[in-house]
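Listed below, chain by chain, are the residues.
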Amino acid sequence: MMNIFVFRERLRGLYQKYELYIDPIIKFVVAFIVFQLINSSIGYDIRLKKIPIVLLLSLLSAFTPSAVLILLAVLISIGHVYAMSKILSIIIILIMLIIYCLFLRYTPKLGYVVIAIPILYLLKIPYVVPIVLGLFAAPISIIPTSCGVIVYYLFKIIKDAQNLQMDVSVEDTLQLYTNVVNQLVTNKQLFVTIIIFAVIIIVTYIVRRMKFDYAHEIAVVAGALTCILGFLISNLFFDIDNQIGIMILGTLASGILGIIIQFFHLALDYTGVEYVQFEDEDYYYYVKAVPKINVTTPQINVKRINPQKKYSMKDAIKGKNNLENRIHEEDEDEDYEEDQEYIDYGIDRNDDGK
């Protein structure tokens, strides 16, 4: 276990040291994956699918705030819909504006959740979003989570429309718009998913704030169990096909990711819990203090051992002469010191002590 904590501290130290370079790289990779997933899912405009365009947009997202990535992802999605139907793209723009105004007013810092849920749905692990939000955010994060679910099902409905053409008549396009809106409004799976995700956030948040040991880790488990039970109940009572096997595997993977994220964010040593009591003029306090696990990474000291030098006969003779000269100088120094002692006593060494 100690090796894991040392590895954690080394990764955190490495990130803190090279944060200026790591952040743009991570943002570039995330943006590239997001744009590629959008193009593979609803990639109807060939121009937007070109690699130079994707790389250029990813590079722009790497050196700008996360809101720019969200805006570019929305614009690319609308561009693909526009390539299929101009009138339908206008409807999509209106829906996006409503969603944007809804979450921007209350949760401007959680805008990335709206784009994270549709992307993670493609990876079969969208359940990690409500679990992580329950760990690190407040229940107000239900709003952007719901918006992200709506965006996913909106584009899923558009993708499932097989008769969508670029040159259809206005009547057919309006009929298609009516069908899309009706499927969005009457989609039971959409509303059930919003409710389940909201319950996951609330349950995880409540358990995380409790005062027993390992509350954060237990909160992740509680959120994962809530997710599985919620979709199982929806499958039984509402006759909704949730692909139970994929859902359970995705929930387990999401729970593992949540525990890993929690581990790198905060690790507590519950064996060293202390209870402190103190008071001021108005209150008497009972405080439970749990120390954080801080491990000092071992320092590796490398000792350099110089190889033994090879000396020639000439070097040996030279070294011998230097040694004899040094010995001769030392003898002269000893004679000089003895002379100084006799001088101090007023005695001449040549007088044989007389």
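Here the structure is a predicted model, which is why all the values come from computation and not from measurement. (Residues numbered from 1 in each chain as written. Predicted model: local features only at pLDDT ≥ 70, side-chain atom pairs only at ≥ 80, totals over all residues. Heavy atoms only, no water.)

1. Things to note about the overall build of the chain
Across its full length, the chain holds 13 helices and 2 strands. Out of the 354 residues in the chain, the part that is buried amounts to 35%. Put simply, 70% of the contacts in the chain that link residues at least 6 apart link residues at least 24 apart. When the accessible surface of the chain is split by element, carbon and sulfur atoms take 62% of a total near 23700 Å². (Helix = DSSP H or I, 4+ residues; strand = E, 2+ residues; numbered from the N terminus. Buried < 20%, exposed > 50% of the residue type's maximum accessible area, 1.4 Å probe, protein only. Contact = heavy atoms within 4.5 Å. Areas by Shrake-Rupley, 256 points an atom, 1.4 Å probe, with all protein chains shown as cover.)

2. Remarks on a nonpolar patch on the surface
A surface patch of nonpolar side chains, about 650 Å² in accessible area, is lined by F7, L11, L14, Y18, L20 and Y21. Of all the secondary-structure elements, those providing two or more residues to the nonpolar patch are helix 1 (2-17) and helix 2 (19-42). Tallying contributions element by element places helix 1 first for the nonpolar patch, with 3 residues. Within the secondary structure, L20 sits in helix 2. (Patch = residues over 30% accessible without salt bridge, like charges linked within 9 Å, V, L, I, M, F, W, Y side chains within 5 Å. Salt bridge = Lys/Arg side-chain N within 4 Å of Asp/Glu carboxyl O.)

3. Section: the packing of aromatic side chains
The final tally for this structure, using the stated rule, is 11 aromatic pairs. Taking the centre distance of 4.9 Å and the plane angle of 25° together, the rings of F278 and Y285 count as stacked. Take F278: its relative accessible area is 41%, and that puts it in the partly exposed class. One aromatic cluster is present, formed by Y121, Y152 and Y153 through successive ring pairs. (Phe/Tyr/Trp six-rings, centres within 6.5 Å; stacked < 30°, edge-to-face > 60°.)

4. Examining the pattern of salt bridges
For the structure on display, the rule yields 2 salt bridges. For R47, the salt bridge is made with D45, and the minimal N-O distance between the two is 3.2 Å. In this structure R47 comes out as exposed when scored by relative accessible area, which is 59%. For the salt bridge of K288 with D213, the shortest nitrogen-to-oxygen distance reads 3.1 Å. In this pair, K288 sits in strand 2 (residues 284-289) while D213 sits in the loop between helix 10 (188-208) and helix 11 (215-237), placing the two residues 75 residues apart along the sequence.

5. Description of unusual backbone geometry
Look at K124: it is not a glycine, yet its phi comes out positive at around 70°. The topology assignment puts K124 in the loop between helix 6 (112-122) and helix 7 (128-136). Positive phi values are uncommon outside glycine, yet Y214 reaches one of about 60°. With respect to the element layout, Y214 can be found in the loop between helix 10 and helix 11.

6. Let's talk about the packing of helix 2 against helix 4 (residues 66-84)
Closest axis-to-axis distance for the helix 2/helix 4 pair is 10 Å, and the angle between their directions is 15°. By the criterion of interaxial angle, the relationship of helix 2 to helix 4 is roughly parallel. Pair helix 2 / helix 4 crosses with right-handed handedness. Residue-level inspection shows V30, A31, V34, F35, I38, N39 and I42 of helix 2 in contact with helix 4, the latter providing L69, L72, A73, I76, S77 and H80. (Axes fitted to C-alpha atoms, helices over the stretch in contact; angles between N-to-C directions. Parallel < 35°, antiparallel > 145°, perpendicular 65-115°, else oblique. Left-handed = near helix turned anticlockwise from the far one by under 90°.)

7. Thoughts on helix 2
Taking 1.5 Å per residue as the helical rise, helix 2 with its 24 residues ought to reach 34 Å, and the 34 Å between its terminal C-alpha atoms agrees with that figure. Within helix 2, the full set of buried residues consists of P24, A31, V34, F35, L37, I38, N39 and I42. (Expected span 1.5 Å × (residues − 1).)

8. Looking at the pairing of strand 1 (residues 274-279)
Of all 6 residues in strand 1, 0 are buried; the element is thus mostly exposed. Note: strand 1 against strand 2, 6 bridges, orientation antiparallel. The residue of strand 2 that forms the bridge with Y275 is K288. Counting the residues that bridge the hairpin from strand 1 to strand 2 gives 4 residues. (Pairing = 2+ DSSP bridges.)

9. Quick look at the nonpolar core
Core analysis: the largest hydrophobic core is formed by 65 residues, its most contacted members being F35, I92 and F155. Here this core takes 9 residues from helix 8 (residues 142-160), the largest share from any one element. Setting aside residues no more than four positions away along its own chain, F35 makes contact with V54, L57, S58, S61, L69, L72, A73 and I76. Of all hydrophobic cores here, the second largest spans 6 residues; its members include F263, A267, I293 and V295. (Core = buried A, V, L, I, M, F, W, Y, C linked by side-chain atoms within 4.5 Å.)

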